[in-house]
Amino acid sequence: MASIDFYIYIVIGLLGVAYPILLQVIARLDEKYSSEKIVELFEQEWESKAFPYSLYSSLTFIVIWSLKLPPVIRIDGLNYLIENSASILVGVNAILLVIFFFFFVWKILTYYTMTKFIPYLIQKHEEN
């Protein structure tokens, strides 16, 4: 299978640069609105849960890939997929990580921008 270095660089970049900056922005929500309830509300959003979990799973799959374990089973016709399963998992999970990152950033922008946040709260209240 092709080199997965690109996917590993994406995960490292998001972990090392983007995630700490986003965490600072989330911490400033408390200061901006003078309410911890807003941060609690943000932490209940699926985007704020999905991004860290996909980051952890990406790191786990990178560790598994780096071990270069031999295949446990062999099935005729599926040997290529089985032999490259760790690389496939790293690639798919890195793509999901980027998608969740964009959703996460969009949710942060919604919470941080007052003109988007108030209509969002109203819509969320009407749904419940």
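Use the structure listed above.
Residues numbered from 1 in each chain as written. Predicted model: local features only at pLDDT ≥ 70, side-chain atom pairs only at ≥ 80, totals over all residues. Heavy atoms only, no water.

Undergrad: Would you take a moment to explain the nonpolar core for this structure?
TA: Soluble globular proteins tend to bury their nonpolar side chains together. One finds Phe42, Phe104 and Tyr111 to be the most contacted residues of the largest nonpolar core, which totals 25 residues. Elements with a contribution of two residues or more to this core: α1 (5–33), α2 (36–43), α3 (46–67), α5 (85–112) and α6 (114–127). In terms of residue count, α1 provides more of this core than any other element does, nine residues in total. With sequence-adjacent residues up to four places away left out, tyrosine 111 is seen in contact with Leu29, Tyr33, Ile38, Leu41, Phe42, Glu45, Phe117 and Tyr120. (Core = buried A, V, L, I, M, F, W, Y, C linked by side-chain atoms within 4.5 Å. Buried < 20%, exposed > 50% of the residue type's maximum accessible area, 1.4 Å probe, protein only. Helix = DSSP H or I, 4+ residues; strand = E, 2+ residues; numbered from the N terminus. Contact = heavy atoms within 4.5 Å.)

Undergrad: How should the side chain of serine 48 be read in this particular structure?
TA: Relative to the helices and strands, serine 48 resides in helix α3. The exposure class of serine 48 is buried, given its relative accessible area of 14%. Among residues more than four places away in sequence, those in contact with serine 48 are Phe42, Glu43 and Phe104.

Undergrad: How do you make sense of the packing of aromatic side chains when you look at a structure like this?
TA: Each aromatic ring pair is specified by the distance between its two centres and by the angle formed by the two planes. This structure, assessed with the given rule, holds 13 aromatic pairs. Between the aromatic rings of tryptophan 46 and phenylalanine 100, the centroid separation amounts to 6.2 Å while the plane-to-plane angle is 80°, which identifies the pairing as edge-to-face. Of this pair, tryptophan 46 sits in helix α3 while phenylalanine 100 sits in helix α5; the two residues are 54 residues apart in sequence, bridging distant segments of the chain. Members of the aromatic cluster, joined through ring pairs, are Tyr19, Tyr33, Phe42, Phe51, Phe101, Phe102, Phe104, Tyr111, Phe117 and Tyr120. Above the plane of the ring of tyrosine 112 lies lysine 32, whose end atom (NZ or CZ) is 4.3 Å from the centre. The lysine or arginine in question, lysine 68, covers the ring of tryptophan 65, its NZ or CZ lying 3.6 Å from the ring centre. (Phe/Tyr/Trp six-rings, centres within 6.5 Å; stacked < 30°, edge-to-face > 60°. Lys NZ or Arg CZ within 6 Å of the ring centre and 35° of its normal.)

Undergrad: Whenever I open this one, the pattern of salt bridges confuses me. Can you help?
TA: Opposite charge on two side chains permits them to pair, given that their charged atoms come into close proximity. By the definition in use, this model includes four salt bridges. Linking lysine 107 and glutamate 45 is a salt bridge whose minimum nitrogen-to-oxygen distance equals 3.6 Å. On the criterion of sequence distance, the pair formed by lysine 107 in helix α5 and glutamate 45 in the loop between α2 and α3 is long-range, its members being 62 residues apart. Each of the two residues, lysine 107 as well as glutamate 45, counts as buried. A salt bridge links glutamate 45 to lysine 124; the nearest nitrogen and oxygen atoms lie 3.2 Å apart. Of the two residues, glutamate 45 is situated in the loop between α2 and α3 and lysine 124 in helix α6; the sequence distance between them amounts to 79 residues. Judged by its relative accessible area of 4%, glutamate 45 is buried. Assessed through its relative accessible area of 26%, lysine 124 is described here as partly exposed. Several salt bridges converge on common partners, so that one network encompasses Glu45, Glu47, Lys107 and Lys124. (Salt bridge = Lys/Arg side-chain N within 4 Å of Asp/Glu carboxyl O.)

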